Each structure stands twice: as structure tokens, then as C-alpha cells.
Amino acid sequence: MRRGNKRAGQGGGAAVGADRRGNAGSAATAVMLAAVLAALVGAAVYFFVFGNWNPPPAITPIGRDVDAQYRLTLIVTGVAFILAQLGLAFAILRYRDRGTRARYSHGNGKLELIWTFAAAVIFLGLGFVGYRAWSAVRLVPPLPGAIRIEVVTSQFVYNFRYPGPDGKFGRTDPKRISPSTGNPLGIDPNDPAGRDDIVVPTLTVPVNHQIDLLIHSQDVIHSFFVRELRLQQDAVPGLSVPLHFTPEKIGRYDIICTQLCGLGHYRMHSYLDVVSESDYENFIRQQEQFSQQAGGQ
Amino acid sequence: MNAGAEASPSTQAARPHAAGGPAGFVRKYIFSTDHKVIGIQYYLLALAAVIIGVALSMLMRLHLAWPALHFPFVSGGVMRPEQYESLMTMHGTLMVFFVLTTAPQAGFGNYFLPIQIGAPDMAFPRLNLLSFWIIFLAFACMVSAFFVPGGAPLSGWTAYAPLGSLGQVTGPGEGLGQTMWLVSIGLFCVATLLSSVNFISTTIDMRAPGMRLFHMPLTVWSWFVTAILSLLSFAVLLAAIVMMLLDRLAATSFFVPAGTVVSGQLQAHGGGSPLLWQHLFWFFGHPEVYIAILPGMGVTSHLLSTFSRKPLFGYKAMVWATCAIGFLGFLVWGHHMFVSGMSPYSAFAFSLFTLAIAVPSTVETFNWLGTLWGGKIQFTTAMLFSLAFVSLFVTGGLSGLFLAQPVVDNMLHATYYVVAHFHLIMAMAGVFALFAATYFWFPKMFGRMMNETLGKLHFWLTFAGAYLIFFPMHFVGLAGGIRRYAQFTAFGYLSRLQPLQVFMTWVALVTAAAQFLFLWNFFWSLRHGEKAARNPWRATTLEWTTVSPPPHDNFAGEYPRVYRGPYEFSVPGAPEDFVLQSAPQEVSG
């Protein structure tokens, strides 16, 4: 194992090293690497600015706030991205080994301070700007007249519960959960508040009216995500998490699960139907008739 | 100023290491206490894990691009969703734990930390041996999960409760497979805790005379800080793992609330909290990201300086930035939980601390550019990978600023945007640093050079591949493509993303194939590479003062004394453009 025990000298390995470094500062390599970085910048800018990959337009004021914060972040990080990648490309081109000696310098304390503070102001500032939108989503309580709907998830299905004419959700009991007999939420039949509750597999809401969801799960963690709302919230067993929004555009939107919940995760899906005021009244009336018929039997 | 270190040469002479080392094959190569052998063992273990991990990702990519594709080894031919979820779980677990935690720290750190500080071995060689064999056991346990009834677990590398804690009822693979996953990760925690104690003690106690803390190479600093992070974070994960095992095997209810009903069966649990698991897991999980990447950042600093022939720009700022990233890394775990149902007020704090990490990360990036500025850049394969690391670090780091803000996270959480982010910053940057380290240190480890032509070809294909696979994932995510979906066919808008999935799969296949160039180069060079001298790269740190490969005690009894900092390149007046840390004062003139 021991090959020679002489004291390690300064020039150890110079012979092998010298020819290895023969084309070490190759101009071709420098140009190619700089070109790849420039192409990366070009492609990134092109696809982020002109690419057709943005989510569909937001349908809530909060959604538009999220978009504004996303765009601001895109601009700030975009400028940093372009400067850093092109700076790297420039250094590679300009300072490739041309046979001259490198500059002997251990740094520059003043520059160090400048970019530390600049980064702190820009990045922390970005966070402060975004808090208004977060507060509007999560900290401001819902309006008194908001329509309350319960979102209940279980492996690979969504159920939505409306309180019915009495405006109250009936008591539920996990022991009574029985999707096959038409009681997927385990509503207790002995509680009068529950008799008029409506349970449906899709979420229908009136346009321009605040909706106040209460989200929870019966088994594992799922989630409630609608791209057009720019809102995402996990549905957690043992927790009921509120989430409110005011949709402004009639249409059918996908509700999808974003939290790994088992083998059917990829197909756990429902619809958010935003309908006109009158269509919503029709929908509720119809559902009430169904539940009365079911209750009467 | 460093009494402990001053005393070390004489005490070291009395150690068994001064002798030639064990003679038998088993004691020398299998149950060795030599940190270099153990380092190589970790490296080869990580290599095995990464080969399996990449193979799993290829199967996933094939299935995502062509969901109806028949696989010869799947009963029925077409991959079932639960099988996809198992591949995804095992891919993530193998890569995060057995590759990105194992190779940079336990592999290269084990081999080079003692040599770079001028020590004959780690502080606790037997503990080192024990740590490796526990990790080996953990690896064997993890891989066997594929072969138990029900197959491998499907709850992801995060094993969120209650999916991960209720047993078979939540899905195939959640029975014995998930239990083995937990046992394996528990063993991994124990081994990593032992190993981190070893790293910390070695760095504090075993430094050569003159090796002041601020003379340590950035690599040593990053291994040291990483060891502290490991000690503090894996302890918490171990506790969480034990709690989940108890939930599964002893009917406790740490993570399962009352009234949980799975498939119509009321579970006999009550009083637990699924969010408790997430808090414990991410208290480990976020520092884990830095455990994976800090050593890579250290290697990048080290190599950029060496191949720019220029002192590292702002050495002390780099040390403080490394420490700051490590410290802040413990205050940000909640950014993984913005939409989890955690109090929305806490999002303010977690978000600010997360954005604050961008500050030391920016300092590192600017200092890397500052190191190149005015340098004399030599495009060795190792340097190419380090330069690419800087590019990937910038790209993957900046996308983190979106996810750090709860309001933006609202639309990007759990989408492919996140997959793009962590693959660029952790997986790709991490692996590029591993490649750089391999091309750089191979001559020292095995006494032979790797082939530079093959190395460069490998670099170009891998660099192009890294961006072409992972950059489009940002757009998949923006468009609403959700991670961990077994197929993108189940409902309407996802089918629009299919062409991108096909594109990424083709690039991934080519890029994975290009890794055979690396494997060929590695194993061919072991036997046939050009013989390496002591210091083929004309570098400055202590490992280059000894023969390649180093003898059992690293320095053949002549322990170095350190006279200066680690990056003295292009010193005016010096005869060469580098001055070794151990060169006596007069040489530098």
C-alpha cells in the first residue's frame, strides 16, 4: 500500500497534472457551457412569459390577489435568475484559464454586506407584501350571511353537506357511517337538525355569494383544491378547517385531491358548480324534495 | 491555542493506527474500522441504492407517459395504481435516506474529514463500523419490503398519518411493508445518530496542530454542521418512528384521532393527532434537506476555488452562511404545512424564516461567483459538475421563494412545481456535487485517474438531461398537475399535460442511460486508469500531501502541521500557484 514515504512536496504530481491541464481552459468548453446557460435563460423566460401553462383565470378576488403575488414573485426571482445564470456564464467565458495568473484576493467585506442586506430586504419584503392576501383568505372571518357547506372526504370520494331549511347541521356518529345504505356521513336520525340535511357528491354554489366551507375527513388525510379558486386545504381526520371564498363566474370547475391518500388518489375528484342564484334555489328545492321522500319512506 | 490538537501526534503514535492495519480480508474490507474503507462502503451502498432508485423512477416515468404499457414482471401486465404508489414511495425513501444522506456525508465525509484535518481516523472507529452495518441492515430491510405480502408501502417517503399508521386497511403495502419501512428508517436514525456523534467529536478533538477552526476547508465545515443537524433532527424522527410503530403494533393513538372510519370500519383509536406526525416529521424533514445539500455546497466551494486557482471569496462569510443555513433550517418546518390545517397565524413565522434562508443562500451564490471572478478557470470534469451545481442551486433555490409564501403555496402546493423545486435543489444539485466529488477525489481514493473524455461526455448529457427533465415540471405544476398521481388520465384537464409527460420520460430514459458512462468510467478506471500522483489537481488541503491512496493511518506516521488557511492559490511570490496548508511558513515567501 505504501508507495514511497517521502515528505509531501509542493510539486507532487506535477507531471501528471501538467498535461491534464493542457486544454483545461478550453475556449470551446467555455463557449458551450455559457451557451447552455444562455439557452436555459432564454427558454425559461420564453415559457414563463409566453408559455400556455398558466392555470385557468381565477374566479375570486382572493384568487386574483394570489395571482398578483405570484407574478410579483416571478418578476423578482426572474430577475435574480437571469442575472445569476448570465453572471455565471460571463465568468466562465471571461475567466477561463488563458495562461495568466489568477487574482489573489480573499473577498470583499463591503460587497458581502451589500448583497446580504439587499437579499434580506428583497426576499423578506416579498413575504411582507404577500401577507395581505393570506390574511384575507385565512384570518378574516366569513361574512354573517355566508352559505355554510360541509366538505367530508373519505378514501377517494367527496361528500358535501348542506344544512337544509333549518340552517343547522345534524349530529353525526362515526358508528352510523354507511355509504351503502345512503348515510355516508353517519348522520344521526335521532337528531331533528339532521333530518333535513342534504348530502350530495358535487358542490353546487350560487355565483357572487360568499361560501363558507368546513372541511374534514373520515379516514386518512385528503385535500380540497380548486385551481380557479387558487385555494388548497387539507381535509384532516379529527379537525374541521374553515375556508371561505366568493366565486364570481358561473361554470363547472374541478375539485381534486392533492394529498396522497392511497391507491385511488389519482382519481379522487369532484366538481364545483357555480350557478346563477335561481339555478341554486332550484337545486336546493329539488334536493329537499329528494330528502323528504327518502325520509318519508 | 489548541492544546488538544497540539498533543495529538504523540498520542496518535501510540494508537494501533500507526501500524500497518489489519491483514485479513474480512477485517480489512468487510468489518473494517478504517474510516476510508467505511467511507467507500457507504459510497458503494449509496451507489446500489441510487441504481435501484433510478430504475424505479424509470418505471414510474414509463407508466406516466404510457399508462397502458405492459410490463413483463407485473401480473396482468399493466401497472396498478398501488404499484405506482409503492415505486414512488421507495424511490423517494431510497434517494433521500440511502443516497443523499448517505453518500455526501457518511461516504465522502467519512473518507475525507479525518484526512483533511490531519487525523489518522475518526474519533470512534468501532462506532463507525457499527454505524455502517446498521445502515446496511436498514437498507436490506427497506429493499425486502418489496417482497413481503402486500408489497412495498405506498404512503410516500413522508408516511403521513393516518395513512401510514393504520395498517393494511388503508391500502396494500400498508401492512407488513409499511412496518418494515418504519423499522428500516428507525435503524437508519440510530446509525446516523451514532455517526453524527463521531463526526462532531472528530472535528472538535482530532485536528492536526495548527488546524484552527478557521483553517478548516469548507468541506469540513459543511460535514461538521451537517453532523450537528443530523444529531438534532434524526433524534426527533426516531421518536416519531417509534410512536408510529406503537400506533401500529401496540394499539396506541399518537397520530389517530377518535372516530376514524376506514372502509366502513371504525378504528379502535382515539385522541391522537395526524398533524403531530407532520410536525415531528418535518422538524426532521426540513433539516434533512440541508443534511443532503450542505456537504454538496461545501464540495462546490472547495472545487470552485481549486479550479479557479483562486482563494475562496469570503471564506468566513461562507462559514457563517453555512452555520446560518443550518440554524434557520430548524425554524422552517411549518412551510411544508401551510395547507395542512395548522394555525394560519404560524404561517407568518414559518414563511419569514424560510425567506430568511434565502439570504445566506444568496451569500453563498455571490461568493461562488466572486471566487470565479478574476480566476483562472480550468474545466476539469469535476469543475464542470461544480459549475453546473451553481446553476442548479440558483434555479432550484429561486423556485423555493414561491413555495415559501403561504399565499402562493395555496396554488402550487403538492403540484409538480414542488417536484421540480426539490429535484433541482436537492436531488440534482446534490447528485452533481456527488459526481464532482467523485471525479475530484477518485485519484486519491483509488490511486488512479478517471477518464476525462468519458467524464465530460457524461457531464454534458447529464446537465442537459437534468434541466430537460425537471424544468418542464414547473409548467406541469402551474397547469395543475398533481404529484403522486398514478396516472394523468382520470379526469379532463390532466390529459393536456400528457405530451409534457411523454417528453420528460424520453429525456429521462436517455439521461439514465448516460449514467452507464459514469459506471463504466468508475469501474474501468479502478483497474486501468492512469496512475495518480499525490496531488494531481495541484490542490492545497491535507489529503493531497499523502500518497494516493493514503496508507492505513493516512500519513504514514508523519502527521502534518498546518500553517495557513485552506485556499491559498496564486499567492504572489510563491513558486507555484498553490501553497499546501502544511507547507512551512518560509515556502510561501
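## Points about the domain arrangement of chain A
All names here are of chain A.
Move 1: Along its sequence, chain A is organised into domain 1 (27–98 + 110–136) and domain 2 (147–296).
Move 2: The C-alpha centroid of domain 2 is placed 40 Å from the C-alpha centroid of domain 1.
Move 3: In this assembly, 13 residues from domain 1 lie in contact with 12 residues from domain 2.
Move 4: Both sides together, the interface formed by domain 1 and domain 2 hides about 1,000 Å², and carbon and sulfur atoms give 60% of it.
Move 5: Its largest share of buried area at the contact with domain 2, domain 1 owes to P56, I59 and T60, together 54% of the area lost on that side.
Move 6: Viewed at the interface, domain 2 and domain 1 are joined by two salt bridges.
Move 7: Put simply, E248 and R64 hold a salt bridge, and the shortest N to O gap is 2.6 Å.
Move 8: Across the domain 1-domain 2 interface, the total number found is five residue pairs in polar contact (both at pLDDT 80 or more).
Move 9: The element that contributes the greatest number of residues to the side of domain 1 that touches domain 2 is helix 3 (residues 61–94), accounting for six residues.

## Comments concerning the sheet that holds strand 5 (residues 211–217) of chain A
Pairing between sheet strands relies on hydrogen bonds along the backbone, with the strands arranged either parallel or antiparallel.
Residues and elements named next belong to chain A.
Move 1: Read from one edge to the other, the open sheet built from five strands follows the order 3-2-1-5-8, with strand pairing classed as mixed. Each end of this open sheet is capped by a strand with a single partner; those strands are strand 3 (198–200) and strand 8 (241–245). Within the sheet, the average angular offset between the axes of one strand and its neighbour, ignoring direction, is 25°.
Move 2: Direction of pairing for strand 1 (residues 147–154) relative to strand 2 (residues 157–162): antiparallel, over a ladder of five bridges. By the bridge assignment, V152 is partnered in strand 2 with N159.

## Some points on the environment of M58 of chain B
Residue and element names in this part refer to chain B.
Move 1: With respect to the secondary-structure elements, M58 resides in helix 4 (residues 35–65).
Move 2: When its relative accessible area of 16% is taken as the criterion, M58 is described as buried.
Move 3: Each C-alpha atom, one on M58 and one on M90, is 13 Å from the other, the two residues being 32 residues apart in sequence.
Move 4: Residues contacting M58, with those up to four places away along its chain left out, are A508, L509 and A512.

## Observations regarding the side chain of K36 of chain B
Move 1: Residue position: K36 of chain B is located in helix 4.
Move 2: Excluding residues within four positions of it along the chain, K36 of chain B makes contact with Y111, I115, P550, P551, H552 and N554 of chain B.

## A closer look at the interface of chain A and chain B
Move 1: Across the contact, 117 residues belong to chain A and 134 residues belong to chain B.
Move 2: Here chain A meets chain B over a buried area of about 11,000 Å², counting both sides, of which 68% is carbon and sulfur.
Move 3: For the pair chain A and chain B, the interface holds zero salt bridges.
Move 4: Residue assignment for the side of chain A that touches chain B shows that the elements contributing at least two residues are helix 1 (14–20), helix 2 (27–50), helix 3, helix 4 (109–138), strand 7 (231–235) and strand 9 (251–256) of chain A.
Move 5: With 18 residues, the single largest contributor to the side of chain A that touches chain B is helix 4 of chain A.
Move 6: Across the side of chain A that touches chain B, the residue classes break down as 59 nonpolar, 38 polar and 20 charged.

## As for the pairing of strand 1 of chain A
Two faces make up the sheet, and in a regular strand the side chains alternate between them.
Residue and element names in this part refer to chain A.
Move 1: Of all eight residues in strand 1, seven are buried, a share of seventy percent or more.
Move 2: Inspection of the sheet shows strand 1 paired to strand 5 by seven bridges, in the parallel sense. Residue pairing for strand 5: V151 is matched across the bridge by I215.

## Notes on the confidence of the model for chain A
All names here are of chain A.
Move 1: Summing up the model confidence of chain A, the mean pLDDT is 89 and the portion of residues at 70 or higher is 91%.
Move 2: Mean pLDDT values over the elements of chain A span from 42, in helix 1, up to 98, in strand 4 (residues 203–206).
Move 3: Contacts from residues 1–22, a stretch scored under 50 in pLDDT, to residues over four places away or in other chains number 42 contacts.

## Regarding the pattern of salt bridges
Move 1: A complete count under the given rule lists 16 salt bridges over all chains for this structure.
Move 2: A salt bridge links R176 of chain A to D188 of chain A, with the nearest nitrogen and oxygen atoms 3.6 Å apart. Remark: D188 of chain A occurs in the loop between strand 2 and helix 5 (192–195) and R176 of chain A occurs in the loop between strand 2 and helix 5; sequence separation between them is 12 residues.
Move 3: A salt bridge links R80 of chain B to E82 of chain B, with the nearest nitrogen and oxygen atoms 3.2 Å apart.
Move 4: In this structure R80 of chain B comes out as partly exposed when scored by relative accessible area, which is 34%.
Move 5: For E82 of chain B, a relative accessible area of 16% gives the class buried.

## Topic: the side chain of H215 of chain B
Residue and element names in this part refer to chain B.
Move 1: Locating H215 in the fold gives a position in the loop between helix 7 (176–205) and helix 8 (218–249).
Move 2: On the basis of relative accessible area, H215 is assigned to the buried category, the value being 10%.
Move 3: In this view, H215 contacts G210, Y315, V562, Y563, R564, G565, P566 and Q581; residues no more than four positions away in its chain are not counted.

## As for helix 11 (residues 346–372) of chain B
All names here are of chain B.
Move 1: For helix 11, spanning 27 residues, the distance from its first C-alpha to its last is 40 Å, which sits close to the expected 39 Å at 1.5 Å a residue.
Move 2: Extensive coverage of helix 11 is indicated by the burial of 21 of its 27 residues.
Move 3: One or two steps after helix 11, the chain reaches G374, where phi turns positive at roughly 80°.

## Side note on the packing of helix 4 of chain B against helix 16 (residues 498–528) of chain B
All names here are of chain B.
Move 1: Between helix 4 and helix 16, the least distance of the axes is 9 Å, while the angle of their chain directions is 155°. By the angle between their axes, helix 4 is roughly antiparallel relative to helix 16. Handedness of the crossing formed by helix 4 with helix 16: left-handed. Of the residues in helix 16, those touching helix 4 at Y43, L47, I51, V54, M58, R61, L62, L64 and A65 are Q498, Q501, V502, M504, T505, A508, L509, A512, F518, L519, F522 and F523.

What counts as what
- Residues numbered from 1 in each chain as written.
- Chains lettered and ligands numbered in written order.
- Predicted model: local features only at pLDDT ≥ 70, side-chain atom pairs only at ≥ 80, totals over all residues.
- Heavy atoms only, no water.
- Domains from an automatic or database assignment.
- Contact = heavy atoms within 4.5 Å.
- Buried area = accessible area lost by both parts, 1.4 Å probe.
- Salt bridge = Lys/Arg side-chain N within 4 Å of Asp/Glu carboxyl O.
- Polar contact = N/O pair within 3.5 Å; in protein donor to acceptor, adjacent residues only side chain to side chain.
- Helix = DSSP H or I, 4+ residues; strand = E, 2+ residues; numbered from the N terminus.
- Pairing = 2+ DSSP bridges.
- Axes fitted to C-alpha atoms, helices over the stretch in contact; angles between N-to-C directions.
- Buried < 20%, exposed > 50% of the residue type's maximum accessible area, 1.4 Å probe, protein only.
- Nonpolar A, V, L, I, M, F, W, Y, C, P; charged D, E, K, R; others polar.
- pLDDT = per-residue confidence, 0-100.
- Expected span 1.5 Å × (residues − 1).
- Parallel < 35°, antiparallel > 145°, perpendicular 65-115°, else oblique.
- Left-handed = near helix turned anticlockwise from the far one by under 90°.

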